[in-house]
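# An overview of the molecular structure
Below, each chain spelled out in residue letters.
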Amino acid sequence: MNDLIITNGRVIDPASGLDEIGDVVIAGGKIARVGKARPKARRTIDAGGMIVCPGLIDVHVHCREPGHEEEETIETAAAAAVAGGFTTICAMPNTHPPQDDETAVNYVIQRARQANLARVMPVGCITKGREGKELAEMSLMTEAGAVAFSDDGEGVASSWIMQRAMQYARMLDVVLMQHCQDPELAGGHMNSGAVAVRLGLAGIAAAGEEIMLRRDLALVERVRCRYHVQHVSSAGSVALLRQAKAEGLPVPAEAAPHHLLLTDAACMSYDPNYKMNPPLRGARDVEALREGVADGTINCLATDHAPHSAEESELEFSLAPFGIISLECALGLYAKALIASGAMGWPALIARMTVNPARIIGQPLGTLAVGCEADVTVIDPKRRWKVKVANWQSRSRNCPYDGWRLTGRAIATIVSGQIKYEA
Amino acid sequence: MAKKASSSSESTKGESGGQKRPFVWARKDLLGMDELSAEEIVHVLDTAESFREVSTRSIKKVPALRGKVVALMFFEDSTRTRMSFELAASRLSADTMIFTSKGSSVAKGETTLDTVRNVKAMGVDVFVIRHSQPGAPHMVSRKVDASIINAGDGAHEHPTQALLDIFTLRQRLGGVAGRRVAIVGDIAHSRVARSNILGLRKLGAEVVVVGPPTMVPSAITAMGCQISHSLDDVLGEVDAINMLRIQFERFGGNLFPSLREYSKVYGLNSQRLARCRKDVLVMHPGPINRGVEITSHVADGPNSCILQQVTNGLAIRMAVLYLVTQAGEPEIRNSKTK
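Turning to the sheet that holds strand 4 (residues 147-153) of chain B, a few remarks are in order. All names here are of chain B. Taken together, the 4 strands give an open sheet; going across it, the order is 2-1-3-4, and neighbouring strands pair in parallel fashion. What marks the edges here is a single partner per strand, and that holds for strand 2 (95-100) and strand 4. Shown here is a sheet whose adjacent strand axes are inclined to one another by a mean of 15 degrees, direction ignored. Note: strand 3 (residues 126-131) against strand 4, 5 bridges, orientation parallel. In the sheet register, H131 faces strand 4, and the bridge partner there is D153. Its contacts with the sheet put helix 4 (residues 136-143) on strand 3 and strand 4, and the angle it makes with strand 4 is roughly 165 degrees.

Following this line, the structure appears as structure tokens:
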């Protein structure tokens, strides 16, 4: 007897190029069959009018545990993930203490297992304490289950250390995820430009991102390791990535929903919900990012879900921390930025949220291939809904999208054949 | 914005001649010049004009704010602005409380908002806020139900300084429309510059900001001003020169190679003054670094209106305190000098 059958949906599996009406059959936690036949199952979900696709993957989530459990825990982040249609999230290592050794990696894995919601895959620090000075124990963390390495929040400033990290990443066949930002140009609070000048806030120029990206591309060309660019924010970075790809050096890169939807003009109110790192930039950058995602220069979408407590949201803009939460509305945000705008259709969007991120982290996920883990998301592409942050699973509320009307959301999230979320 | 007042409130403004629709001040906060219309700016200036007379009386007090509590919240150091607001509030018969962050609970880690909420719990009508962080008064105004006056927020705005500068210009030049004003110095980190640019532009003046590119962000032109990197180039063409203080304490690092070079290239001295129009007005928001951005000879000379600015600051702050507490009330024009 099969466990679950999802009938009559538009089955989109970018990994195999599949896009047709059919059924997805799940048995023993694995994909048993995709097609038209309808064997019996313990549970049937009628997905008529819905999209059935591989479970969504977000490679950039801040779970805050350990250290800031008042803001988020691995359990609440995983609950927020499945409520947003995500079956896998990667936990960034800027926790307190930072995830920079195998014990910390084991802790994330153990807490994720206890939560038993989405898969939570640990990302280890590139350097000890995220200080950029000494390599962290990448081999031991990889053995323990770290799927990637990043000093997210900061870029690795030293070219010397970064080159060493790349050599290790190549040996271990793991990916380095870089938050590209030259630290000497990082002192500001928002995008450098007319709005920052008007508000009297110190700016963060796009050049700071592009300088480190250029450097890293030169190092990747030399070392040939797996390397991924986090939250690309500027038109200049998109151009650099496109050029690198044309010259035979394709590197994966992600875009965050806020960089695809908002500009620095939103900071005019001094609302810290618009304070991001990298910062919201100009309309030209938003346009370039959308084009970059559409043409595949940016092949991945990731939220940079960054919970902060209400106390921190009551601070002055310049004192408030960077980042916002969006796991539970990300799909609708991407649909607004990329599908409603005509930049792409659902199959292309789903590729950037499933098979592409799975390949970036080197995991056999993000596909409906028979025998694979039955991570499946059912999406109602036409569902119109209003963002109500107060009702979210996340423990934090720092989100600028409250009250937004979106179209498209996950109505069922299945991890290893088990329904973890149902709208 | 605020409620409408009855149309019976008669304007006493000289230049409005009673022909225009009566103006009603509707703002309970003064956060910046950004939000003010030209009409509102003129209204503050006119109100200040009538308050100026109070300071010439033998009993320099009016009961306009009797029973009101004004809290002066100085999260950042200030001499002039704080004393000016304090005297203005007491001339209007308000009770005042002064908070300075040194030796307060802020030093123990209390947030701005908690500090203000605690003081508010004592029953405060008006908060005058000086803060090192841009947008701090705006944040407070969203969360605290009281009138908020921005007395300088980081590098953002300092509206009462701009109002007193414009007031002084109007007094000395007869008006500001069509006049050309140079603002010289560290524009990037100056709230005085921003508020002046916004206010002067709204009243039809031209503004040129002067300084090296490290101090003059090119995007400042979006606020409607021009940029020059040469003080000598603009000297002969301006009606007033507002010299900003070099703020050693605000931002470290390489804004200019040396004080000596800066004062040689951008300092206002007698030789430069001689190349200006005879009646050019020399302004400075204070405190002055004598011998750096301005020489004593110029600062104390006949073209200088630096002390007049300070005197006018009192009238402007009385006007602002008065207006925000009367916001939207119909009796606005009649009660103030009784």
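Further notes follow.
One broad trend across soluble globular proteins is that nonpolar side chains are buried collectively. If you look at the biggest cluster of nonpolar residues, it comprises 103 residues, and the most contacted ones within it are Y227 and W346 of chain A. Residue-level mapping places this core at the junction of two domains, with at least three residues from each of domain 1 (2-51 + 373-422) and domain 2 (55-360) of chain A. With sequence-adjacent residues up to four places away left out, Y227 of chain A is seen in contact with M162, M166, V175, L176, Q178, C180, L213, D216, V220, V251 and P252 of chain A. By size, the runner-up hydrophobic cluster in this structure holds 93 residues, among which are L45, A88, A94 and A327 of chain B.

This brings us to helix 1 (residues 74-83) of chain A. Residue and element names in this part refer to chain A. Across the 10 residues that make up helix 1, a large majority, 9, are buried. Those residues of helix 1 not exposed but buried are I74, T76, A77, A78, A79, A80, A81, V82 and A83. Those residues of helix 1 that are buried lie in contact with strand 7 (86-91), helix 2 (102-115), strand 8 (119-124), strand 17 (405-415) and strand 18 (418-422). The positive-phi residue at the C-terminal boundary of helix 1 is G85, with phi of around 95 degrees.

All names here are of chain A. One pass over the structure, following the stated rule, counts 31 salt bridges over all chains. Notably, a salt bridge pairs R43 with E422, separated by 2.5 Å at the nearest N-O pair. Remark: E422 occurs in strand 18 and R43 occurs in strand 4 (residues 41-46); sequence separation between them is 379 residues. Overall, the relative accessible area of 34% leaves R43 in the partly exposed class. Two residues, R226 and D173, come together in a salt bridge whose shortest N-O distance is 3.3 Å. Taken together, the residues span a long stretch of sequence, with R226 in strand 13 (residues 226-229) and D173 in the loop between helix 4 (159-172) and strand 10 (175-178) at a distance of 53 residues. Note on D173: relative accessible area 52%, which makes it exposed. Residues joined by salt bridges that share partners form a network here, namely K30, R119, E373 and D375.

All names here are of chain A. Each assigned domain of chain A is listed with its residue range as follows: domain 1 (2-51 + 373-422) and domain 2 (55-360). Taken residue by residue, the interface counts 37 residues in domain 1 and 50 residues in domain 2. For the pairing of domain 1 and domain 2, the buried interface totals around 3300 Å² over both sides, and the portion due to carbon and sulfur atoms is 62%. The largest contributions to the domain 1 side of the interface with domain 2 come from R395, N398 and Y401, which together make up 21% of the buried area. Here domain 1 is connected to domain 2 by 2 salt bridges. The closest approach of N and O atoms between D375 and R119, which form a salt bridge, is 2.6 Å. For the interface between domain 1 and domain 2, the tally reads 21 residue pairs in polar contact (both at pLDDT 80 or more). Within the residue set of the side of domain 1 that touches domain 2, elements represented by two or more residues are strand 1 (2-13), strand 16 (376-386), strand 17 and strand 18. Sorting elements by how many residues they give to the side of domain 1 that touches domain 2 places strand 17 first, with 8 residues. Residue composition of the side of domain 1 that touches domain 2, by class: 19 nonpolar, 10 polar and 8 charged.

What counts as what
- Throughout, a residue's number is its position along its own chain's written sequence, starting from 1.
- Starting at A for chains and at 1 for ligands, labels are handed out in the order in which the entities are written.
- Only residues with pLDDT of at least 70 get local features here, since the model is predicted, and only at 80 or more are side-chain atom pairs given and counted; chain-wide, interface and lining totals rely on the full set of residues.
- Each side-chain value is worked out from all heavy atoms of the structure, with water and hydrogens disregarded.
- DSSP-based pairing: two strands are paired if at least 2 bridges between them are found.
- Segments assigned H or I by DSSP are reported as helices when at least four residues long, segments assigned E as strands when at least two residues long, and all are numbered from the N terminus.
- Whenever a helix is involved, its axis is fitted only over the stretch in contact; in every case the axis is a line through C-alpha atoms, and angles between N-to-C directions fall within 0 to 180 degrees.
- The contact criterion used is simple: two residues touch if any of their non-hydrogen atoms lie within 4.5 Å.
- Among buried residues, the Ala, Val, Leu, Ile, Met, Phe, Trp, Tyr and Cys ones that are joined through side-chain atoms within 4.5 Å form a nonpolar core.
- Accessible area is worked out with a 1.4 Å probe on protein chains only. A residue is then buried under 20% of its type maximum, exposed over 50%, and partly exposed in between.
- All domain edges in this entry derive from an automatic or database-based domain assignment.
- Salt bridges are defined by distance alone: a side-chain nitrogen of Lys or Arg within 4 Å of a carboxyl oxygen of Asp or Glu.
- Note: buried area is the sum, over both parts, of the accessible area (probe 1.4 Å) each one loses when the two are combined.
- Throughout this description, a polar contact denotes any pair of N or O atoms lying within 3.5 Å of each other; where both atoms belong to protein, one of them has to be capable of donating a hydrogen while the other can accept it, and for residues adjacent in sequence the pair is counted only when both atoms sit in side chains.
- Three classes are used: nonpolar for Ala, Val, Leu, Ile, Met, Phe, Trp, Tyr, Cys and Pro, charged for Asp, Glu, Lys and Arg, and polar for all others, with Gly counted as polar.

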